[in-house]
Amino acid sequence: MRSDVSVTATVFEANRARGAVRFDVHARDGVTRRGTLHESGSLRVRFPSPEGEGLSGVFVNTAGGVAGGDRFDIEITAADAARLTLTTAAAEKVYRAQDKAAGLNIGLRVGAGAHLSWLPQETILFDRARVHRRFDIALDEAASLLLCEIVVFGRTAMGERMEQGEFVDRWRLSRGGRLVFAETVRLHGHIGEKLAQSAVAKSGAAIGTALIVPGDEALVERIREASESFAGEVGISAWNGFAMARFCAQDAARLRADMMAVLARTGTALPRLWLN
């Protein structure tokens, strides 16, 4: 007979959330239109009214958050000359994991002359959350990309803080078939103690990254001109034809304000959901 422990584990596994979205967009007569769309499980994408020539998409997780053992997969293709902006309906919450880490896998492909803006709202990690996230991005040489991510280690406004857990964030960017950027962030164990270190986050509870392609020193200088208005720490540099801004702040509100200030310098129109 199976033990109570094995039965419980089987039931737990069967109740894990699964979700996948896969779609492509194409430019037709100068206007971006949705192509084939596939949705499964608890992940959905909705397309509000078109804004200008581009198309906007909003991800909705009907599971109400992410828990240990959940898995979500996203694959998006923006064909030649298409313009696409993506965000989320709300901040994504990653809850405490009893065993397995949650898995988030995002694949982005952007064709010649196309532009993709990936602008989700914050990802909030609760204490003892475990999540592995992976970005695989393939750009044409003539494509452009804006990819922004904000990660919050506990809701400081609620008196919460992530003390322990696991956060693994793997980014791989190829341009013209050549790998130009690779990075993996690993935080595990006593994350609260590590974030308190001066060389890590100096007790900050929010970090962010903005990847801008193409990007050059002229863009870096435009962003640095706004440095006096930043509420947290922001560092930016450019190399290999792209720019990257790093953010660290004491709370999500300050980091979000800094991210919006940087995006304004790039000429980005923020999704309406960011402004609510």
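Up top is the structure.
Report on the accompanying structure. Each chain has its residues counted from 1, following the order in which its sequence is written. A pLDDT threshold of at least 70 governs which residues receive local features in this predicted model, and a stricter bar of 80 or more applies before side-chain atom pairs are shown or counted, although totals over entire chains, interfaces and linings include all residues. As a convention, hydrogens and water are excluded, and side-chain values are obtained from all of the structure's heavy atoms.

### A short note on the pattern of salt bridges
Let me state the cut-off plainly: Take a side-chain nitrogen of Lys or Arg and a carboxyl oxygen of Asp or Glu: if they are within 4 Å of each other, that pair is a salt bridge. Buried residues are those whose accessible area, probed at 1.4 Å on protein chains only, stays under 20% of the maximum for their type, while exposed residues exceed 50% and partly exposed ones sit between those limits.
Taken as a whole and judged by the stated rule, the model has 15 salt bridges. A salt bridge links Asp251 to Arg254; the shortest N-O distance between them is 3.3 Å. By relative accessible area, which is 18% here, Asp251 ends up buried. Exposure remark for Arg254: the relative accessible area of 39% places this residue in the partly exposed category. Overlapping salt bridges, with partners in common, bring together Glu39, Arg44 and Arg46 in one network.

### Describing unusual backbone geometry
Applicable threshold: Helix and strand definitions follow DSSP, with helices as H or I runs of at least four residues and strands as E runs of at least two, each counted in order from the N terminus.
Note that the residue after Val213, namely Pro214, is joined by a cis bond; omega there is -5 degrees. The residue Asp29 is not glycine, and still its phi comes out positive at about 55 degrees. One non-glycine residue, Arg128, lies in the positive phi region at around 70 degrees. Mapped onto the elements of the fold, Arg128 is located in the loop between strand S10 (123-125) and strand S11 (130-139). The partly exposed category is assigned to Arg128, whose relative accessible area is 34%.

### Examining the pairing of strand S8 (residues 102-110)
Keep this limit in mind: Pairing between strands requires that DSSP locate at least two bridges from one strand to the other.
In terms of residue burial, S8 counts as a mostly covered element, since seven of its nine residues are buried. Bridge analysis of strand S5 (residues 71-78) against S8 gives eight bridges, and the strand direction is parallel. When the bridges of S8 are listed, Asp73 appears paired with Asn105.

### Remarks on the packing of aromatic side chains
Each aromatic ring pair is characterised by the separation of its centres together with the angle its planes make. Stated precisely, the cut-off is as follows: Between 30 and 60 degrees the pair is tilted, below 30 it is stacked and above 60 it is edge-to-face, where a pair is any two Phe, Tyr or Trp rings, Trp via its six-membered ring, whose centres lie within 6.5 Å.
Taken as a whole and judged by the stated rule, the model has nine aromatic pairs. Centroid distance Phe153 to Phe167: 6.1 Å. Interplanar angle 80 degrees. Geometry classified as edge-to-face. On the criterion of sequence distance, the pair formed by Phe153 in strand S12 (residues 144-153) and Phe167 in strand S13 (residues 165-175) is long-range, its members being 14 residues apart. By the burial criterion, Phe153 is buried, and Phe167 matches it.

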